[in-house]
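# Coordinate inspection notes
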Amino acid sequence: MRLLHYSDIENAHDDPQRVGRLAALVDSLRGDDAFICGTGDNIAPGVLPLVTRGEIALDFFEAVSPTVSTFGNHDFDFGADRACELVENSPQQWLSANVYDDGERFAGVAASTIHEHDGTCVGFLGVTDPTTPSANPEATELTFTDPIVATKEAAESLRADGADYVVVLSHLGRGDDRLAAACDVDVILGGHVHSERVERIADTLLTRPGSGGGVLLEVELATREVT
């Protein structure tokens, strides 16, 4: 099984050729054994995202049909209500274990989910940088809980439900290191920091494709190798 990992597309939406190349690459690699994963800031910022209040991102989502996504700080740039609308109108399953709105999970999304292929179960969960409200004034009405606590709880639940692998969709940036050290997870697909990364901490693989839609990472789960 494979994970196709993109993140922080941001202003690539302003460049049809660049975002089109990314969509075409995803399409060329998709298959029954591939899970397409987005790890935040794929709605904004950028000029066209601003003009369309994030609507332009739906064209990309429809083109690549992501399996799962989580939220980045910029995905709230147009307010919580607009983010809810975009979640409702996009094809992928959104996951968040640590973002709440008035005591309920934001936009009614699940903390985690399990996908199965050929008898193997992959569990996914999502977490977002808890400092988001201080960086994005449009997110101040939301509550972001401790991502380590949220990840531990979600990962334990996934293991109990039969997940053979646990994959974190993370928009924590450098917080991924602490997450890997503290939690029993197999892969952390990261974002937020705009540099590429492929590294291991203990038994956890950490990846980050950088920003601008220029890189798509492919993870082979059986070996946890990256191309």
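That block above? That's the structure.
Residues numbered from 1 in each chain as written. Predicted model: local features only at pLDDT ≥ 70, side-chain atom pairs only at ≥ 80, totals over all residues. Heavy atoms only, no water.

Here we come to the overall build of the chain. From N to C terminus, the chain includes seven helices and 15 strands. Taken over the C-alpha trace, the chain has a radius of gyration of 16 Å; the compact-globule value for 227 residues is 17 Å, and the two agree within 12%. Counting only C-alpha atoms, the chain reaches 45 × 40 × 30 Å along its principal axes. In the chain, which comprises 227 residues, the proportion classed as buried is 54%. Counted over contacts in the chain with a minimum sequence separation of 6, partners at least 24 positions apart contribute 67%. Taking the average place of the 15 positive charges on the side chains of the chain and the average place of its 39 negative ones, the gap between the two points comes to 6 Å. (Helix = DSSP H or I, 4+ residues; strand = E, 2+ residues; numbered from the N terminus. Rg over C-alpha atoms; globule rule 2.2 N^0.38 Å. Buried < 20%, exposed > 50% of the residue type's maximum accessible area, 1.4 Å probe, protein only. Contact = heavy atoms within 4.5 Å. Lys, Arg positive; Asp, Glu negative; His and termini not counted. Charge placed at Lys NZ, Arg CZ, Asp CG, Glu CD.)

It is worth spelling out the pairing of strand S10 (residues 165–171) at this point. The buried fraction of S10 is high, at seven of seven residues. On S10, burial covers both faces: Tyr-165, Val-167, Leu-169 and His-171 on one face and Val-166, Val-168 and Ser-170 on the other are all buried. With seven bridges joining them, strand S8 (residues 120–128) and S10 adopt parallel strand pairing. The partner of Val-122 across the bridge, within S10, is Tyr-165. Inspection of the sheet shows S10 paired to strand S11 (residues 187–189) by three bridges, in the parallel sense. Across the sheet, the residue bridging to Leu-169 is Leu-189, located in S11. (Pairing = 2+ DSSP bridges.)

Moving on to the sheet that holds strand S4 (residues 93–94). Ordered in space as S4-S3-S2-S1-S14-S15, the six strands form an open sheet in which the pairing is mixed. Strands at the two margins of the open sheet, each flanked by one partner only, are S4 and strand S15 (225–226). The sheet contact formed by strand S2 (residues 34–38) and strand S3 (residues 68–69) spans two bridges and is parallel. Within the sheet, the bridge partner assigned to Gly-38 lies in S3 and is Ser-69.

Structurally, the position occupied by Asp-41 is in the loop between S2 and helix H2 (47–52). Salt bridges are absent for the buried Asp-41, whose nearest opposite-charge side chain, Arg-208, sits at 11 Å. (Salt bridge = Lys/Arg side-chain N within 4 Å of Asp/Glu carboxyl O.)

Cis geometry marks the peptide bond from Ala-44 to Pro-45; its omega dihedral reads 5 degrees. Secondary-structure assignment places Pro-45 in the loop between S2 and H2. The residue Asp-8 is not glycine, and still its phi comes out positive at about 50 degrees. Tracing the chain through its elements places Asp-8 in the loop between strand S1 (2–6) and helix H1 (16–29). Even without glycine at this site, Arg-53 takes up a positive phi of about 50 degrees. Structurally, Arg-53 is set in the loop between H2 and helix H3 (55–64).

The terminal C-alpha atoms of H1 lie 20 Å apart, and with 14 residues this matches the ideal 20 Å at 1.5 Å per residue to within 8%. The complete set of buried residues in H1 reads Val-19, Leu-22, Ala-23 and Val-26. Along the axis of H1, the buried residues cluster in a sector spanning 95 degrees; they form a single face. Turned more than 90 degrees from where H1 packs its buried face, Pro-16, Gln-17, Arg-21 and Ser-28 sit exposed. Buried residues belonging to H1 abut S1, S2 and H3. (Expected span 1.5 Å × (residues − 1). Arc of directions from axis to C-beta.)

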